[in-house]
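Understanding the architecture of this molecule
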Amino acid sequence: MPAIAFGLGWLGYTVTLYGVALLKGWNITFGQMISPTKPYGSQKGQSWPPPQIGNTAVLPSDNAATVAAKTNAKPGVSGA
């Protein structure tokens, strides 16, 4: 029973944090968010918060096609 409670708590926290990441426009996938072995930030060069998704993508992605979109700022968001 404690293991189930711990799992539900961890899942609830992760889903909530992923929702915040979507609202803020961060380019982080759910798999990166939920992975206990390779979470976002564990690889070299990954700083928090993640880069913005960009204007051409709707959902976060970790493939190379969105690399160019990561550098584009969202409208109304200052770079400072």
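Reference entry: report on the structure contained in this document. Not measured: the values here are computed from a predicted model. (Residues numbered from 1 in each chain as written. Predicted model: local features only at pLDDT ≥ 70, side-chain atom pairs only at ≥ 80, totals over all residues. Heavy atoms only, no water.)

Within the protein chain, the secondary structure is distributed over three helices and zero strands. The linear arrangement of helices and strands in the protein chain, starting from the amino end, is α-α-α. Long-range contacts, defined here as pairs at least 24 residues apart, represent 36% of the contacts in the protein chain between residues at least 6 apart. Carbon and sulfur atoms make up 66% of the accessible area of the protein chain, which amounts to about 5,600 Å² in all. (Helix = DSSP H or I, 4+ residues; strand = E, 2+ residues; numbered from the N terminus. Contact = heavy atoms within 4.5 Å. Areas by Shrake-Rupley, 256 points an atom, 1.4 Å probe, with all protein chains shown as cover.)

Nonpolar side chains collect at one region of the surface, where Met 1, Ile 4 and Leu 8 lie side by side and expose about 390 Å² of accessible area between them. Locating Met 1 in the fold gives a position in the segment before helix 1 (2–24). You can call Met 1 exposed: its relative accessible area is 77%. (Patch = residues over 30% accessible without salt bridge, like charges linked within 9 Å, V, L, I, M, F, W, Y side chains within 5 Å. Salt bridge = Lys/Arg side-chain N within 4 Å of Asp/Glu carboxyl O. Buried < 20%, exposed > 50% of the residue type's maximum accessible area, 1.4 Å probe, protein only.)

This paragraph deals with the environment of Pro 51. Considering the arrangement of structural elements, one finds Pro 51 in the loop between helix 2 (30–34) and helix 3 (67–71). For Pro 51, a relative accessible area of 36% corresponds to the partly exposed category.

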